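# Fold and contact review
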Amino acid sequence: MTAIRQSTHDDARHVIGASAAERFGVLPMPDLSYTEEVARETAPLYEKVRHHIPAIEWPAHAPYVFWINKLKKERNAVILAHNYQTPEIYHCVADIVGDSLQLAREATMVDEEVIVQCGVHFMAETSKLLNPEKTVLIPDMKAGCSLSESITGADVRLLREANPGVPIVTYVNTSADVKAESDICCTSSNAVRVVESFASDTVLLIPDEFLAQNVARQTSKKILTWKGHCEVHERFTAEELLAYKQADPAIQIIAHPECPPSVVDVADYTGSTAGMIEYAKNRQPGAKVLLVTECSMASNIEQQAKGVTFIKPCNLCPHMKRITLPKILDSLLLMREEVLVDPMVAAKARQAVERMVNLKSN
Ligand code: 13P
Ligand code: SF4
(Lines give C-alpha, C1' and ligand atoms only; values in the text may rest on other atoms or scores of the structure.)
(Ligands and ions follow the chains in the order given, each with its own letter.)
Protein backbone atom coordinates (compact mmCIF):
# COMPACT_ATOMS: atom_id res chain seq x y z
CA MET A 1 0.00 0.00 0.00
CA THR A 2 1.57 3.28 -1.08
CA ALA A 3 0.13 6.70 -0.35
CA ILE A 4 0.94 9.43 -2.84
CA ARG A 5 0.91 13.17 -2.14
CA GLN A 6 -2.19 15.26 -2.60
CA SER A 7 -2.65 18.75 -3.99
CA THR A 8 -5.39 21.28 -4.53
CA HIS A 9 -8.39 21.07 -6.81
CA ASP A 10 -8.57 22.80 -10.23
CA ASP A 11 -12.31 22.91 -10.61
CA ALA A 12 -13.49 23.68 -14.13
CA ARG A 13 -17.05 24.93 -14.51
CA HIS A 14 -18.02 26.19 -17.89
CA VAL A 15 -21.00 28.26 -18.79
CA ILE A 16 -22.01 27.75 -22.40
CA GLY A 17 -24.89 29.50 -24.19
CA ALA A 18 -28.16 30.68 -22.64
CA SER A 19 -28.66 29.93 -18.94
CA ALA A 20 -31.33 27.51 -17.75
CA ALA A 21 -33.27 30.53 -16.42
CA GLU A 22 -33.25 32.06 -19.92
CA ARG A 23 -34.24 28.79 -21.59
CA PHE A 24 -37.04 27.85 -19.19
CA GLY A 25 -38.03 31.25 -17.75
CA VAL A 26 -38.31 32.04 -14.05
CA LEU A 27 -41.43 31.71 -11.92
CA PRO A 28 -42.57 34.02 -9.09
CA MET A 29 -42.28 32.92 -5.45
CA PRO A 30 -45.56 31.24 -4.44
CA ASP A 31 -47.48 32.06 -1.27
CA LEU A 32 -45.84 29.90 1.40
CA SER A 33 -48.77 29.97 3.84
CA TYR A 34 -49.80 26.78 5.61
CA THR A 35 -53.27 26.68 4.06
CA GLU A 36 -55.93 23.98 4.45
CA GLU A 37 -55.02 22.65 1.00
CA VAL A 38 -51.32 22.46 1.92
CA ALA A 39 -52.14 20.70 5.21
CA ARG A 40 -54.40 18.17 3.46
CA GLU A 41 -52.06 17.42 0.54
CA THR A 42 -48.97 17.01 2.70
CA ALA A 43 -50.59 15.04 5.55
CA PRO A 44 -49.62 11.59 4.11
CA LEU A 45 -46.03 12.77 3.68
CA TYR A 46 -45.89 14.04 7.26
CA GLU A 47 -46.66 10.50 8.44
CA LYS A 48 -43.27 9.43 7.00
CA VAL A 49 -41.28 12.03 8.93
CA ARG A 50 -43.34 12.54 12.09
CA HIS A 51 -40.67 10.78 14.19
CA HIS A 52 -38.12 13.42 13.18
CA ILE A 53 -40.14 16.59 12.71
CA PRO A 54 -42.33 17.72 15.63
CA ALA A 55 -45.92 18.55 14.61
CA ILE A 56 -45.39 22.17 15.65
CA GLU A 57 -42.61 22.50 13.04
CA TRP A 58 -44.46 20.88 10.13
CA PRO A 59 -46.29 24.08 9.02
CA ALA A 60 -42.85 25.57 8.31
CA HIS A 61 -41.84 22.67 6.02
CA ALA A 62 -45.18 21.72 4.46
CA PRO A 63 -45.60 24.70 2.07
CA TYR A 64 -42.15 24.00 0.60
CA VAL A 65 -42.99 20.31 0.18
CA PHE A 66 -46.32 21.22 -1.44
CA TRP A 67 -44.85 23.71 -3.91
CA ILE A 68 -41.77 21.64 -4.77
CA ASN A 69 -43.97 18.68 -5.67
CA LYS A 70 -46.24 20.92 -7.75
CA LEU A 71 -43.37 22.63 -9.55
CA LYS A 72 -41.63 19.35 -10.30
CA LYS A 73 -44.53 18.48 -12.60
CA GLU A 74 -44.68 21.95 -14.13
CA ARG A 75 -40.94 21.90 -14.89
CA ASN A 76 -40.92 18.23 -16.02
CA ALA A 77 -38.28 17.65 -13.34
CA VAL A 78 -37.17 14.65 -11.31
CA ILE A 79 -35.48 14.88 -7.91
CA LEU A 80 -32.61 12.45 -7.27
CA ALA A 81 -31.59 12.40 -3.59
CA HIS A 82 -28.68 10.72 -1.86
CA ASN A 83 -29.26 8.61 1.26
CA TYR A 84 -27.62 11.37 3.38
CA GLN A 85 -30.28 13.98 2.60
CA THR A 86 -32.50 15.10 5.46
CA PRO A 87 -35.74 13.15 6.09
CA GLU A 88 -38.02 15.91 4.72
CA ILE A 89 -36.10 15.80 1.42
CA TYR A 90 -35.63 12.03 1.35
CA HIS A 91 -39.25 11.15 2.17
CA CYS A 92 -41.29 14.13 1.02
CA VAL A 93 -39.90 15.48 -2.26
CA ALA A 94 -37.40 12.94 -3.70
CA ASP A 95 -38.50 10.75 -6.61
CA ILE A 96 -35.46 8.49 -6.50
CA VAL A 97 -33.17 7.86 -3.53
CA GLY A 98 -30.04 5.77 -3.30
CA ASP A 99 -26.29 5.44 -2.95
CA SER A 100 -23.88 6.91 -5.50
CA LEU A 101 -24.04 3.89 -7.81
CA GLN A 102 -27.83 3.67 -7.71
CA LEU A 103 -28.16 7.39 -8.43
CA ALA A 104 -25.70 7.15 -11.34
CA ARG A 105 -27.63 4.20 -12.77
CA GLU A 106 -31.01 5.87 -12.27
CA ALA A 107 -29.69 9.02 -13.94
CA THR A 108 -29.32 7.03 -17.16
CA MET A 109 -32.99 6.02 -17.06
CA VAL A 110 -34.95 9.18 -16.24
CA ASP A 111 -37.36 10.57 -18.81
CA GLU A 112 -37.78 14.06 -17.36
CA GLU A 113 -36.11 17.04 -19.02
CA VAL A 114 -34.69 18.45 -15.78
CA ILE A 115 -32.79 16.66 -13.01
CA VAL A 116 -32.57 18.34 -9.59
CA GLN A 117 -29.73 16.62 -7.75
CA CYS A 118 -30.10 16.66 -4.00
CA GLY A 119 -26.63 15.60 -3.01
CA VAL A 120 -23.17 16.99 -3.61
CA HIS A 121 -21.61 18.50 -6.72
CA PHE A 122 -19.83 15.37 -8.00
CA MET A 123 -23.18 13.54 -7.99
CA ALA A 124 -24.82 16.28 -10.07
CA GLU A 125 -21.85 16.30 -12.41
CA THR A 126 -22.14 12.52 -12.85
CA SER A 127 -25.82 12.94 -13.75
CA LYS A 128 -24.87 15.62 -16.29
CA LEU A 129 -22.16 13.39 -17.80
CA LEU A 130 -24.72 10.64 -18.31
CA ASN A 131 -27.38 13.06 -19.58
CA PRO A 132 -25.59 15.73 -21.60
CA GLU A 133 -28.82 16.83 -23.26
CA LYS A 134 -30.73 17.31 -19.98
CA THR A 135 -30.69 20.28 -17.64
CA VAL A 136 -29.09 19.30 -14.33
CA LEU A 137 -29.57 21.59 -11.34
CA ILE A 138 -28.03 21.50 -7.88
CA PRO A 139 -29.75 23.59 -5.19
CA ASP A 140 -26.39 24.78 -3.78
CA MET A 141 -23.30 24.88 -5.98
CA LYS A 142 -21.11 24.96 -2.84
CA ALA A 143 -22.14 21.42 -1.86
CA GLY A 144 -18.68 19.91 -2.35
CA CYS A 145 -16.84 16.91 -0.93
CA SER A 146 -13.46 16.67 0.82
CA LEU A 147 -12.53 13.66 -1.33
CA SER A 148 -13.37 15.45 -4.55
CA GLU A 149 -11.36 18.49 -3.40
CA SER A 150 -8.29 16.36 -2.63
CA ILE A 151 -7.19 15.73 -6.23
CA THR A 152 -7.07 17.39 -9.66
CA GLY A 153 -6.91 16.17 -13.24
CA ALA A 154 -3.28 17.39 -13.38
CA ASP A 155 -2.48 15.21 -10.34
CA VAL A 156 -3.89 12.18 -12.14
CA ARG A 157 -1.79 12.90 -15.23
CA LEU A 158 1.32 12.98 -13.04
CA LEU A 159 0.29 9.70 -11.41
CA ARG A 160 -0.04 8.10 -14.83
CA GLU A 161 3.38 9.34 -15.87
CA ALA A 162 4.90 8.01 -12.65
CA ASN A 163 3.15 4.63 -12.97
CA PRO A 164 3.18 3.68 -16.66
CA GLY A 165 0.78 0.88 -17.56
CA VAL A 166 -0.97 0.88 -14.16
CA PRO A 167 -4.76 1.17 -14.55
CA ILE A 168 -6.34 4.13 -12.75
CA VAL A 169 -9.63 3.52 -10.94
CA THR A 170 -11.20 6.72 -9.66
CA TYR A 171 -13.77 6.85 -6.91
CA VAL A 172 -16.90 8.55 -8.22
CA ASN A 173 -16.43 11.21 -5.47
CA THR A 174 -14.25 13.27 -7.84
CA SER A 175 -14.59 16.09 -10.36
CA ALA A 176 -15.20 15.47 -14.08
CA ASP A 177 -11.57 16.58 -14.72
CA VAL A 178 -10.31 13.73 -12.57
CA LYS A 179 -12.72 11.20 -14.06
CA ALA A 180 -11.59 12.27 -17.55
CA GLU A 181 -8.02 11.23 -16.74
CA SER A 182 -9.09 7.83 -15.37
CA ASP A 183 -9.66 4.42 -16.94
CA ILE A 184 -12.84 3.70 -15.00
CA CYS A 185 -14.79 4.94 -11.99
CA CYS A 186 -15.98 2.98 -8.98
CA THR A 187 -18.20 3.56 -5.97
CA SER A 188 -18.00 2.07 -2.50
CA SER A 189 -20.39 -0.69 -3.58
CA ASN A 190 -18.34 -1.98 -6.55
CA ALA A 191 -14.72 -0.96 -5.84
CA VAL A 192 -13.40 -4.52 -5.34
CA ARG A 193 -15.10 -5.74 -8.48
CA VAL A 194 -13.84 -2.82 -10.55
CA VAL A 195 -10.25 -3.30 -9.32
CA GLU A 196 -10.43 -7.00 -10.13
CA SER A 197 -11.73 -6.32 -13.64
CA PHE A 198 -8.14 -5.45 -14.67
CA ALA A 199 -5.53 -8.09 -15.56
CA SER A 200 -2.74 -5.93 -14.11
CA ASP A 201 -1.25 -6.97 -10.72
CA THR A 202 -1.11 -3.33 -9.61
CA VAL A 203 -4.00 -0.86 -9.69
CA LEU A 204 -4.21 2.79 -8.67
CA LEU A 205 -7.38 3.37 -6.64
CA ILE A 206 -7.73 7.09 -5.92
CA PRO A 207 -8.32 9.43 -4.13
CA ASP A 208 -9.70 7.79 -0.96
CA GLU A 209 -6.80 6.32 1.00
CA PHE A 210 -9.03 4.46 3.45
CA LEU A 211 -11.32 2.97 0.80
CA ALA A 212 -8.18 1.83 -1.03
CA GLN A 213 -6.76 0.26 2.13
CA ASN A 214 -10.06 -1.48 2.81
CA VAL A 215 -10.24 -2.77 -0.78
CA ALA A 216 -6.58 -3.91 -0.64
CA ARG A 217 -7.57 -6.38 2.06
CA GLN A 218 -10.12 -8.00 -0.23
CA THR A 219 -7.97 -8.50 -3.32
CA SER A 220 -4.58 -10.00 -4.13
CA LYS A 221 -3.72 -6.97 -6.28
CA LYS A 222 -1.26 -4.34 -5.14
CA ILE A 223 -3.22 -1.14 -4.60
CA LEU A 224 -1.61 2.29 -4.92
CA THR A 225 -3.58 5.25 -3.67
CA TRP A 226 -3.70 8.95 -2.71
CA LYS A 227 -4.06 10.86 0.54
CA GLY A 228 -7.70 11.94 0.19
CA HIS A 229 -10.11 11.37 3.08
CA CYS A 230 -13.81 11.84 3.73
CA GLU A 231 -14.03 14.49 6.44
CA VAL A 232 -17.07 12.71 7.94
CA HIS A 233 -15.83 9.11 8.03
CA GLU A 234 -12.21 9.84 8.98
CA ARG A 235 -13.42 11.13 12.35
CA PHE A 236 -14.67 7.74 13.59
CA THR A 237 -12.25 5.80 15.79
CA ALA A 238 -12.08 2.14 16.79
CA GLU A 239 -11.85 3.23 20.45
CA GLU A 240 -15.19 5.05 20.37
CA LEU A 241 -16.90 2.08 18.71
CA LEU A 242 -15.39 -0.42 21.13
CA ALA A 243 -16.71 1.68 24.01
CA TYR A 244 -20.24 1.21 22.61
CA LYS A 245 -19.64 -2.56 22.28
CA GLN A 246 -18.32 -2.76 25.83
CA ALA A 247 -21.42 -0.99 27.14
CA ASP A 248 -23.68 -3.37 25.18
CA PRO A 249 -22.03 -6.39 23.48
CA ALA A 250 -25.23 -7.12 21.51
CA ILE A 251 -24.83 -3.94 19.46
CA GLN A 252 -24.12 -4.56 15.77
CA ILE A 253 -21.71 -2.12 14.14
CA ILE A 254 -22.25 -1.23 10.47
CA ALA A 255 -19.58 0.95 8.87
CA HIS A 256 -18.96 2.70 5.55
CA PRO A 257 -15.71 1.74 3.75
CA GLU A 258 -14.58 5.39 3.75
CA CYS A 259 -13.79 4.79 7.46
CA PRO A 260 -10.20 3.99 8.50
CA PRO A 261 -9.36 0.25 8.38
CA SER A 262 -9.07 0.19 12.20
CA VAL A 263 -12.78 1.16 12.33
CA VAL A 264 -13.75 -1.40 9.68
CA ASP A 265 -11.93 -4.03 11.80
CA VAL A 266 -14.42 -3.62 14.64
CA ALA A 267 -17.48 -3.51 12.36
CA ASP A 268 -19.83 -6.48 11.90
CA TYR A 269 -20.60 -5.33 8.36
CA THR A 270 -19.04 -2.82 5.95
CA GLY A 271 -20.73 -1.57 2.80
CA SER A 272 -21.97 1.37 0.74
CA THR A 273 -24.88 3.39 2.06
CA ALA A 274 -27.26 1.15 0.08
CA GLY A 275 -25.50 -1.95 1.44
CA MET A 276 -25.83 -0.64 4.99
CA ILE A 277 -29.55 0.01 4.48
CA GLU A 278 -30.07 -3.46 3.04
CA TYR A 279 -28.20 -5.02 5.97
CA ALA A 280 -30.16 -3.06 8.58
CA LYS A 281 -33.52 -3.79 6.92
CA ASN A 282 -33.21 -7.37 5.76
CA ARG A 283 -30.51 -9.23 7.60
CA GLN A 284 -32.09 -8.98 11.05
CA PRO A 285 -28.98 -7.60 12.67
CA GLY A 286 -30.56 -7.45 16.13
CA ALA A 287 -32.23 -4.85 18.24
CA LYS A 288 -29.48 -2.24 18.28
CA VAL A 289 -27.42 -1.08 15.33
CA LEU A 290 -24.65 1.48 15.41
CA LEU A 291 -24.52 3.18 12.00
CA VAL A 292 -21.00 4.44 11.42
CA THR A 293 -21.77 6.99 8.74
CA GLU A 294 -23.48 10.33 8.15
CA CYS A 295 -26.27 10.49 10.68
CA SER A 296 -29.25 11.53 8.52
CA MET A 297 -29.23 8.05 7.03
CA ALA A 298 -30.42 6.38 10.21
CA SER A 299 -33.30 8.87 10.44
CA ASN A 300 -34.26 8.06 6.84
CA ILE A 301 -34.46 4.31 7.30
CA GLU A 302 -35.71 4.03 10.88
CA GLN A 303 -39.30 3.49 9.77
CA GLN A 304 -38.36 0.77 7.27
CA ALA A 305 -36.10 -1.19 9.62
CA LYS A 306 -38.80 -2.19 12.07
CA GLY A 307 -37.60 -3.50 15.41
CA VAL A 308 -34.14 -1.94 15.03
CA THR A 309 -33.01 0.89 17.28
CA PHE A 310 -30.32 2.95 15.62
CA ILE A 311 -27.48 4.45 17.59
CA LYS A 312 -26.20 7.46 15.69
CA PRO A 313 -22.79 8.86 16.49
CA CYS A 314 -23.89 12.09 14.84
CA ASN A 315 -21.34 13.09 12.21
CA LEU A 316 -23.03 15.33 9.68
CA CYS A 317 -21.68 16.01 6.19
CA PRO A 318 -21.70 19.83 5.97
CA HIS A 319 -21.85 19.62 2.17
CA MET A 320 -24.88 17.34 2.03
CA LYS A 321 -26.57 19.60 4.59
CA ARG A 322 -26.29 22.61 2.29
CA ILE A 323 -29.26 21.20 0.40
CA THR A 324 -32.51 22.40 1.99
CA LEU A 325 -36.18 22.63 1.01
CA PRO A 326 -36.02 26.44 0.41
CA LYS A 327 -33.02 25.99 -1.89
CA ILE A 328 -34.77 23.17 -3.82
CA LEU A 329 -37.77 25.42 -4.30
CA ASP A 330 -35.48 28.21 -5.56
CA SER A 331 -33.89 25.75 -7.97
CA LEU A 332 -37.24 24.96 -9.53
CA LEU A 333 -38.45 28.55 -9.59
CA LEU A 334 -35.25 30.13 -10.86
CA MET A 335 -33.76 27.13 -12.72
CA ARG A 336 -30.48 27.33 -10.85
CA GLU A 337 -27.70 26.33 -10.14
CA GLU A 338 -27.07 24.70 -13.49
CA VAL A 339 -24.32 22.07 -13.62
CA LEU A 340 -22.28 22.26 -16.82
CA VAL A 341 -19.20 20.33 -17.89
CA ASP A 342 -16.76 21.32 -20.63
CA PRO A 343 -17.76 19.05 -23.56
CA MET A 344 -14.14 17.94 -24.18
CA VAL A 345 -13.74 16.91 -20.53
CA ALA A 346 -17.24 15.42 -20.44
CA ALA A 347 -16.61 13.05 -23.36
CA LYS A 348 -13.66 11.42 -21.58
CA ALA A 349 -15.21 11.50 -18.10
CA ARG A 350 -18.42 9.93 -19.44
CA GLN A 351 -16.46 6.95 -20.74
CA ALA A 352 -15.01 6.30 -17.29
CA VAL A 353 -18.45 6.50 -15.65
CA GLU A 354 -20.14 4.42 -18.36
CA ARG A 355 -17.51 1.68 -18.07
CA MET A 356 -18.45 1.42 -14.41
CA VAL A 357 -22.20 1.56 -14.95
CA ASN A 358 -21.93 -1.11 -17.64
CA LEU A 359 -19.83 -3.52 -15.55
CA LYS A 360 -22.08 -6.52 -15.04
CA SER A 361 -23.59 -7.45 -11.66
CA ASN A 362 -21.95 -4.78 -9.55
P1 13P B 1 -22.25 5.80 -1.19
O2 13P B 1 -21.85 5.54 -2.59
O3 13P B 1 -22.00 4.63 -0.29
O4 13P B 1 -23.64 6.31 -1.11
O5 13P B 1 -21.28 6.92 -0.60
C6 13P B 1 -21.29 8.24 -1.04
C7 13P B 1 -20.67 9.12 -0.07
O8 13P B 1 -20.42 10.26 -0.33
C9 13P B 1 -20.37 8.55 1.22
O10 13P B 1 -19.74 9.45 2.01
FE1 SF4 C 1 -17.81 13.65 0.58
FE2 SF4 C 1 -17.68 12.47 2.95
FE3 SF4 C 1 -19.62 14.22 2.49
FE4 SF4 C 1 -19.65 11.80 1.30
S5 SF4 C 1 -19.86 12.23 3.48
S6 SF4 C 1 -20.04 13.80 0.33
S7 SF4 C 1 -17.47 11.47 0.98
S8 SF4 C 1 -17.42 14.66 2.55
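Residues numbered from 1 in each chain as written. Chains lettered and ligands numbered in written order. Predicted model: local features only at pLDDT ≥ 70, side-chain atom pairs only at ≥ 80, totals over all residues. Heavy atoms only, no water.

The next subject is the overall build of the protein chain. When helices and strands are counted, the protein chain shows 17 helices and 12 strands. Relative to its length of 362 residues, the protein chain is compact, with a C-alpha radius of gyration of 21 Å against a globular reference of 21 Å. Principal axes of the C-alpha set define a box for the protein chain whose edges measure 65 × 60 × 35 Å. When burial is assessed residue by residue, the protein chain has 59% of its 362 residues classed as buried. A sequence separation of at least 24 residues applies to 66% of the contacts in the protein chain between residues at least 6 apart. A gap of 3 Å separates the mean positions of the 37 positive and 46 negative side-chain charges of the protein chain. (Helix = DSSP H or I, 4+ residues; strand = E, 2+ residues; numbered from the N terminus. Rg over C-alpha atoms; globule rule 2.2 N^0.38 Å. Buried < 20%, exposed > 50% of the residue type's maximum accessible area, 1.4 Å probe, protein only. Contact = heavy atoms within 4.5 Å. Lys, Arg positive; Asp, Glu negative; His and termini not counted. Charge placed at Lys NZ, Arg CZ, Asp CG, Glu CD.)

In this structure, the largest pocket encloses a volume near 210 Å³. Considering the residues around the largest pocket, the lining is formed by 15 residues, among which Ser188, Ser189, Val192, Gln218 and Pro257 are closest to the centre. For the lining of the largest pocket, the per-class residue count stands at six nonpolar, eight polar and one charged. (1 Å grid on protein atoms, 1.4 Å probe; cavity = no way out; pocket = protein on both sides within 12 Å on 5 of 7 lines; lining within 4 Å. Points joined across faces, edges and corners; volume = space filled by probe spheres on them. Nonpolar A, V, L, I, M, F, W, Y, C, P; charged D, E, K, R; others polar.)

Moving on, we get to the pattern of salt bridges. The full count for this structure, using the stated rule, is 15 salt bridges. The shortest N-O distance in the salt bridge between Lys327 and Asp140 comes to 2.7 Å. Of this pair, Lys327 sits in helix H16 (residues 325–334) while Asp140 is found in the loop between strand S4 (135–137) and helix H7 (146–149), placing the two residues 187 residues apart along the sequence. By relative accessible area, Lys327 is classed as partly exposed at 28%. A relative accessible area of 9% places Asp140 in the buried class. (Salt bridge = Lys/Arg side-chain N within 4 Å of Asp/Glu carboxyl O.)

Quick look at the site of ligand 1 now. The local shell around ligand 1 consists of His82, Tyr84, Asp99, Ser100, Asn173, Ser188, His233, His256, Glu258, Ser272 and Thr273. With respect to ligand 1, the side chain of Asn173 contributes an N or O atom lying 3.3 Å from an oxygen atom. Between Ser188 and ligand 1, the recorded distance is 2.9 Å, taken from a side-chain N or O atom to an oxygen atom. If ligand 1 stood free it would expose 300 Å²; the protein chains cover 96% of that surface. Taking a 2 Å distance to the grid points as the criterion, the majority of the atoms of ligand 1 fall inside the largest cavity. (Near = heavy atom within 4 Å. Polar contact = N/O pair within 3.5 Å; in protein donor to acceptor, adjacent residues only side chain to side chain. Areas by Shrake-Rupley, 256 points an atom, 1.4 Å probe, with all protein chains shown as cover. Sits in = over half its atoms within 2 Å of the grid points.)

Quick look at empty space enclosed by the protein now. Tallied over the full model, the rule gives three cavities of 30 Å³ or more. Forming the boundary of the largest cavity are 28 residues, of which Tyr84, Phe122, Asn173, Glu258 and Met320 lie nearest the centre. Mapped onto the lining of the largest cavity, the elements with two or more residues apiece are helix H5 (100–107), helix H6 (121–130) and H7. Broken down by class, the residue content of the lining of the largest cavity amounts to 12 nonpolar, 12 polar and four charged.

Mean pLDDT over the protein chain: 92, with 94% of residues reaching 70 or higher. Throughout residues 1–15 the model reports pLDDT below 50, and contacts reaching past four residues in sequence, or to other chains, amount to 49 contacts. (pLDDT = per-residue confidence, 0-100.)

What follows concerns the sheet that holds strand S10 (residues 269–270). A sheet is described by the order of its strands in space; here four strands give the open sequence S10-S9-S11-S12, paired in parallel fashion. Only two strands of the sheet have a single partner each, and these edge strands are S10 and strand S12 (309–311). The pairing of strand S11 (residues 288–292) with S12 spans three bridges and is classified as parallel. When the sheet's bridge partners are listed, Leu290 is paired in S12 with Ile311. Together, strand S9 (252–255), S10, S11 and S12 form the strand contacts of helix H14 (residues 273–282), whose direction differs from that of S9 by roughly 160 degrees. (Pairing = 2+ DSSP bridges. Axes fitted to C-alpha atoms, helices over the stretch in contact; angles between N-to-C directions.)

Inspection of the region around ligand 2 gives Tyr84, Val120, Cys145, Ser146, Leu147, Asn173, Cys230, Val232, Glu258, Cys317, His319 and Met320 as its neighbouring residues. Given that more than half its atoms are within 2 Å of the pocket grid, ligand 2 belongs to the largest cavity.

Take the packing of H5 against H6 next. Where H5 meets H6, the axes come as close as 9 Å, and the angle between the chain directions of the two elements is 30 degrees. Here H5 is positioned roughly parallel relative to H6, judged by the angle of their axes. Judged by the twist between their axes, the crossing of H5 over H6 is right-handed. Across from Ser100, Leu103, Ala104 and Ala107 in H5, the residues of H6 making contact are Phe122, Met123, Thr126, Ser127 and Leu130. Residues of the contact of H5 with H6, tallied by class, amount to six nonpolar, three polar and no charged. (Parallel < 35°, antiparallel > 145°, perpendicular 65-115°, else oblique. Left-handed = near helix turned anticlockwise from the far one by under 90°.)

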